[in-house]
Amino acid sequence: MYRISNFQIFCILMILVGPIAYLEVPKRLAVLTFNSGWLAALLTIIPGILIIMMFNYIIRKSQNPFPLLLEEYLGKIGGKLLAGIYVIVFLFIVSFTLSVFVNFIITNVLPDIPVSVLIGSFLFLSYFIIKNGLENLARLSELIVFIGLPFSFGIVFLAASQTLDVKNLLPLARVSINHLGLAVFSASAVLGRLFPILTIAYFSNYRPKVANAAYWVLGFYIILIFSATVVTTLVYGSVASTLLTFPVFSVLRLIKIGEFLSNLDIFFIGIWIAGIIGTLTFFWFMACFTTQQIFNLKGYSFLAAPTSLIIAVVSLLISPNIVVLNIINETLVVLVYFFFLIMIPIILFILALFKPDQPIKSSSDSKGSSAIM
Amino acid sequence: MRYIKGQKTNDSQPIPLDELVEQNLSSDLQENLASLDRLLEGCSDVVIKEFEFAKEPTIKAGLLYFDGLVQRSAIENHILKPLMLEIEKISPEFLSIYEAQDMLNSVQNRILSTVDLDTINTFDEVCHHISSGDTVLIIDGYTPALVADTRMWETRAMETPENEIVIFGPKEGFTETLRINTGALRRRIKSTNFKIEPFVIGKITKTDVVLCYINNIAPEGLVNEVRKRLNNIDIDAVLDTGYLKEFISDNTSTMFSEIEHTEKPDRVCGHLLEGRVCIMVDGSPMAIITPISFPQYLISSEDYYTHYVPASLFRILRAGALFISLLLPSIYVALITFHHEMIPTSLYLTILATRQGVPFPPFLEALMLEATFEMLREAGIRLPRAVGPAVSIVGALIIGDAAVRAGLVSTPMVVVVAFTGIASFVMPAYNAGIIIRISRFGFLFAGAILGFLGIMVALGLFLTRMVSLTSLGQPYMAPIAPFNRAQMTDILIRRPWFKSEKRPYVEGMDNQIRQNPPDKDDGGL
């Protein structure tokens, strides 16, 4: 069985959390808390730690990776049924992410390119990655993080060198508890994307320290959303930030380097593509892997071809335009994420609390390991 | 079939040559020479000399070699002269009392004065040895035959390799003679742990191949795997190390080179000292080194001979040149075609002005210029040395200038393609440069179709392929992916020698210690 390092797990989780954090969370925080979004970003560390502790506890108490652990806690039939629902959820997440991204590109960058061409290109790339296996997905994640993370901070740094108004942060930390709570909840919901750790932790070459990778992700996540929220508030002020669809993207458009280079948004999107591709590839991998485990199939990579058709059709049908997508994003998607990526793990965590301790089974004994390559 | 099988074999029918070659030599000289006559029929360069030596009784013998491969003076002075003249100093009784095997021993150990002397039993061995420049002595009434190393042929002197020019460090390069090449390595690594294992590959060519490694540094598993792969090769001919490359590689369906070529002995030694193995073939000045990872292509051997600060800066420069070489034309085409808002207005207006009247879209323009550039480069390599540079200059200056004047291409595009061309020469490894050159066209297409998005998708495919490759089981993108912090100090940054306490890790390596850390109390001057 191929083992992935905890650094690779960090990179995979960072890709799952990072791009969405960067683009969407500052807007959500601005809408809910106006100029106190930075406070919500900082406070997210508390639920973040709790979420990671919860995942870590489930990992330590379970003998098998997700989705087999569902059978461990819910019985064979219940576990398989829920795993089947998860396959649909993962495919929905992939389709939705793809749809949002493609619409974003068509709206902002390449209006003349047909949607189908973009969807086809991205799906082809993701399909190629999945066919190459988890080992290569993990290695590719490292490359994406090496490029993407410094670039993301670089953007914030460059944005911070533009015209800023410190007064935009005033009054400092004046926000209702309800709104602050909602903002923290919203920012924390993104951390539900750490859910695949329940599968990949099992392939770690050093499982006892796998939670550290998640804590590092949390640290970077907090820094990212904090800095992005502060910068957008400083540049646009609280009201304008709530009106812009993607405040970070708008900040990016303001950046001028040496009064010569401007309109760097396409570079941003270019790098962001890498993150998005990583996200949708990994959730797609999760869908294929879960299907394989449900039906005890020999491999998962052959499932990439038929599921690609489902993803393509769903992502085309799901959105007539980006406005509808945003509505879906703010309503259905939050619920889906919260229920499947946080609530069900909470239930599993509660079940794990009452489960007697068992020695950790050798990873090579499990069904899940045999077909990972 | 049964009828054929049941046929009686005709005893007078000569044995087929492929069976004859496998047979052992007989003790009858004439019979042996007759068989060799048949095997070597049509080989006008073979010399078979029959002669007699000793007295009462005289002993008949035959000497075989290929003219042009041997040092005749060595045959005359160390084989014929001792046998025909100096043997008389030994008493006849002495010779006659010896039994068959002892007679051979006497000739081998007391009479012939060549250094490298061995015995062989089959016609196949006779043919192989004489083809390699050895001289075979067959003595009537005795087996096996004796073989003496008398190799000597015209060879090229060790010169500076044209493909790996360096400013600092050793300048000499390998030649086409295997022994000279192994000698060049042995001169640098004076250790008994430095092993040079021989192989003979090629059913027809019987080419000498050697596998070089340092015993206590190269992982045993790696050496065994390479040995196994070499032993499994069943090709009829090996004329260059390039033949072996595809047999040794993990992935045969990729254009990415998983094996490094070099003509420089110091570079080979550097790799051997880092636990890798080297394969050399007689007749080729190129050594191949494996396992190798792509980031190592950024390293030049002279990085280790210069101060680590400029060496590190040059590596960063090469990494930049790699990206320019790979992506610059596609980025330019994407900018001009899709994302012109990114270009500062004044610059864009300048570019637009130069493009006025150009009948082709930027993509076609770039494609034509790139293709022309590659043709010129190939022509420059293939043409005679006196003409090559002239053609390149004519191509680059005159054709380029004429194309711009004729309005077929724009000046910025010529600049972009020329700059890309220059950047592609910055890569120290020629075979890595080939991949970049070919891939550049793919990125050009992607950039022309989908702009930056296309480039990113193509880059994704490119990187996915790269991370999925292995070289003898070692990840091709190591130490970047999978990330290894310790080894990263010798990729973009050259670690100072005094801090290089460990060798770069090769899977399975036990002996990673390069030097003990310097004693901290030493420096109290």
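This section reports on the structure supplied with the text. Since the model is a prediction, treat every value here as computed from it, not as a measurement.

1. Details of the overall build of chain B
Part 1 of the argument: Each helix and strand counted, chain B has 18 helices and twelve strands in total.
Part 2 of the argument: In terms of overall size, chain B is more extended than a compact globule, its C-alpha atoms giving a radius of gyration of 31 Å where 525 residues would be expected to give roughly 24 Å.
Part 3 of the argument: The C-alpha extent of chain B, read off along each of the three principal axes, is 105 × 75 × 55 Å.
Part 4 of the argument: Buried positions account for 37% of the 525 residues belonging to chain B.
Part 5 of the argument: When contacts within chain B are restricted to residue pairs at least 6 apart in sequence, those whose partners lie at least 24 apart make up 66%.

2. Concerning the interface of chain B and chain A
Part 1 of the argument: Contacts between chain B and chain A engage 23 residues on the former and 27 residues on the latter.
Part 2 of the argument: Looking at which element gives the most residues to the side of chain B that touches chain A, the answer is helix α17 (residues 430-468) of chain B, with twelve residues.
Part 3 of the argument: Looking at the side of chain B that touches chain A residue by residue, the classes come out as 17 nonpolar, five polar and one charged.

3. Things to note about the sheet that holds strand β5 (residues 145-149) of chain B
Residue and element names in this part refer to chain B.
Part 1 of the argument: Across the sheet, which stays open at both edges, the five strands sit in the order β1-β2-β4-β5-β3 with antiparallel pairing between neighbours. Two strands bound the open sheet, and with one partner strand each, they are β1 (46-53) and β3 (117-120). Neighbour-to-neighbour, the strand axes of the sheet open up by a mean angle of 25 degrees, direction not taken into account.
Part 2 of the argument: Examined bridge by bridge, β1 and strand β2 (residues 59-66) share eight bridges and lie antiparallel to one another.

4. Details of the sheet that holds strand β9 (residues 277-281) of chain B
Residue and element names in this part refer to chain B.
Part 1 of the argument: Spatial ordering of the open sheet is given by β6-β7-β9-β10-β8, a layout of five strands whose pairing is antiparallel. The open sheet is flanked by β6 (194-201) and β8 (260-262), the only strands paired with a single partner. Averaged over all pairs of adjacent strands, the angle between their axes in this sheet comes to 25 degrees, without regard to strand direction.
Part 2 of the argument: Here three bridges tie β8 to strand β10 (residues 287-290), and the two strands are oriented antiparallel to one another. Each bridged residue has a counterpart across the sheet, and for H261 the counterpart in β10 is I288.
Part 3 of the argument: Packing of helix α8 (residues 178-188) onto the sheet brings it into contact with β6, β7 (207-214) and β9, and relative to β7 it is tilted by some 10 degrees.

5. Some points on unusual backbone geometry
Part 1 of the argument: Between F66(A) and P67(A) the backbone carries a cis peptide bond, its omega angle lying at 10 degrees.
Part 2 of the argument: As for its placement among the helices and strands, P67(A) is situated in the loop between α4 (45-61) and α5 (68-74).
Part 3 of the argument: T290(B) connects to P291(B) through a cis peptide bond whose omega is -5 degrees.
Part 4 of the argument: Relative to the elements of secondary structure, P291(B) occurs in the loop between β10 and α12 (308-337).
Part 5 of the argument: Despite not being glycine, N296(A) has its phi angle at roughly 55 degrees, a positive value.
Part 6 of the argument: Its place among the elements puts N296(A) in the loop between α13 (265-295) and α14 (304-317).
Part 7 of the argument: For N296(A), a count of 8 C-beta atoms within 10 Å corresponds to the exposed category.

Conventions and cut-offs
- Residues numbered from 1 in each chain as written.
- Chains lettered and ligands numbered in written order.
- Predicted model: local features only at pLDDT ≥ 70, side-chain atom pairs only at ≥ 80, totals over all residues.
- Helix = DSSP H or I, 4+ residues; strand = E, 2+ residues; numbered from the N terminus.
- Rg over C-alpha atoms; globule rule 2.2 N^0.38 Å.
- Buried ≥ 20, exposed ≤ 12 C-beta atoms within 10 Å, placed from the backbone.
- Contact = placed C-beta atoms within 7 Å.
- Nonpolar A, V, L, I, M, F, W, Y, C, P; charged D, E, K, R; others polar.
- Pairing = 2+ DSSP bridges.
- Axes fitted to C-alpha atoms, helices over the stretch in contact; angles between N-to-C directions.

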